[in-house]
Every structure is written in C-alpha cells, then in structure tokens.
Amino acid sequence: MSEVKLSVETRTEFGKGASRRLRMVEKVPGVVYGHGNDPQHIVLDSHALMLALRTPNVLINLDIDGKSNELVIPKSVQRDAITSFLVHVDLLQVKRGEKVTVELPIHTEGELAPGGNLLEHVLNTLSVETEATHIPESVTVSVEGLEAGASVHAKDIALPKGTTLATDEDAVVLQVLAAQAEEAPAEAEGDEAAAEA
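Read on for a plain summary of the structure. All chains use their own residue numbering, which begins from 1 and follows the written sequence. In view of the model being predicted, local features appear only for residues whose pLDDT reaches at least 70, and side-chain atom pairs are presented and counted only at 80 or more, with totals across whole chains, interfaces and linings using the full set of residues. Note that the side-chain values use all heavy atoms of the structure and ignore hydrogens as well as water.

So, the overall build of the chain
Phase 1 of the analysis: Per the convention used, a helix needs a DSSP run of H or I reaching at least four residues, while a strand needs a run of E reaching at least two, with both numbered from the N terminus. Within the chain, the regular secondary structure consists of 3 helices and 13 strands.
Phase 2 of the analysis: Within these notes, the globule rule equals 2.2 Å times the number of residues to the 0.38 power, and the radius of gyration is based on C-alpha atoms. Taken against the 2.2 N^0.38 rule, which gives 16 Å for 197 residues, the C-alpha radius of gyration of the chain at 23 Å runs more than 25% over that of a compact globule.
Phase 3 of the analysis: Oriented by its inertia axes, the alpha-carbon framework of the chain measures out at about 75 × 45 × 25 Å.
Phase 4 of the analysis: Residues count as neighbours in contact if any of their non-hydrogen atoms are within 4.5 Å of one another. In the chain, of all internal contacts separated by at least 6 residues, the share reaching a separation of at least 24 is 63%.
Phase 5 of the analysis: Note on areas: Shrake-Rupley with a 1.4 Å probe; residue coverage comes only from the protein chains shown. Put simply, the chain shows about 11700 Å² of open surface, and 49% of that area lies on carbon and sulfur atoms.
Phase 6 of the analysis: We score Asp and Glu as negative and Lys and Arg as positive, and we do not count His or the chain ends. Charge coordinates come from a single atom per side chain, which is NZ of Lys, CZ of Arg, CG of Asp or CD of Glu. Within the chain, the 32 negative side-chain charges are centred at a point lying 18 Å from the centre of the 16 positive side-chain charges.

Side note on the environment of Q175
Phase 1 of the analysis: Secondary-structure assignment places Q175 in strand β13 (residues 172–177).
Phase 2 of the analysis: Categorising residues by exposure relies on relative accessible area from a 1.4 Å probe, with only protein chains included: less than 20% of the type maximum marks a residue as buried, more than 50% marks it as exposed, and the intermediate range marks it as partly exposed. Of the residues examined, Q175 reaches a relative accessible area of 27% and is grouped as partly exposed.
Phase 3 of the analysis: Remark: the alpha-carbon pair of Q175 and E120, spanning 55 residues in sequence, is separated by 5.3 Å.
Phase 4 of the analysis: Excluding residues that lie within four positions of it along the chain, Q175 makes contacts with L118, L119, E120, V122, A150 and S151.

Considering unusual backbone geometry
Phase 1 of the analysis: At H35, a residue that is not glycine, the phi angle is positive and equals roughly 60°.
Phase 2 of the analysis: When you line up the elements, H35 lands in the loop between β2 (27–34) and β3 (37–45).
Phase 3 of the analysis: Judged by relative accessible area, which is 37%, H35 ranks as partly exposed.

As structure tokens, this is what we get:
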C-alpha cells in the first residue's frame, strides 16, 4: 500500500468561525487520536488531503510543525453535503506491525448468467482486520456465471495474506435477483378499466 506524506500545523483556534476561516483559505481542521494520547488538533491542506483520500484507507505520514512524525489512517471524513468539500477529518494513530480494523470497498468482476438478472450489493464494504502499514485497497469478488437466487457470503471472499474477516462470516455481501418481467401494456390498460368500473 502507498504511504503519503503530508505537512500539517497545530491548530490553535477552535469553533465554527475558526473552522470557516480555515476552509476559506483551503485548509481543513482535523484531529489526530489514538494509543491513549491526548487528541492533537491540526490543520491540513485541503487539496493535498483530497488527493490522499482518493486511496481508500490510505496510510498518511504526518509531519507536524516539522517537529514530529505520526503514522495515521483516516477514520472519519466529513464533507459538505452540497459541495462535497472536506469539512473535517479524524485521523487514527497507528504503528508499524499493529493490527487495525478497516472497511475495504468491494469490487466485482465477471458476468452473471444470461437472463437479465440483477446483482444487488447488500454490503458495499467488508470489515477486516489487517496490519496498519499493509492495508489492502479493496477486495474483488467474481460473479461469473452466478444465477438468480445465488448469494456470496463474507466467508466466500478470498482475502489478501495477513488480512482476517471482522464482519460476520455468514453475512450476505452480494445476491443475484431474478429479472422482473414487465407487465404487457394491453394487460395494464385492461386492469385500469376494471378498476374504474
């Protein structure tokens, strides 16, 4: 997995007004916490953080005021509901070799069996436990040839080496739904006429 280095500053002003002023100059307020340490309030560059967050569960090496370095992963990212701009980020301190629980995006590959069936994503992410500095970006599930009524459970998904399942192993992740036959227009009109009568 890739590691991204970001230079950040300690935040000294708090409250909505201070946060709004930061966002006006393309900065994002954040908090670093974990390992029983007091939370550290920081300020991050909005653009650099947005680029880093393109990678799910990215490992970030924070250079805080040029004095200390912290390895962190994003734990909670708040975005503006309308603009999608970053509003606030919570970062969890991690150490090399430490196990963490993260959500991995689920990707599918392959074609369902013929017949116009639909694939339903019951879960969009899979909760796993993995080493903090080797977090996989995602998991891929083959749906090749699956027919209506078939389902994929969490335990059926092959995980990368060193990664274990944290989700209930019997949880349904994907299921194949039978295609719904559309009602013929003539029948629909007849039903409407019967309803009116």
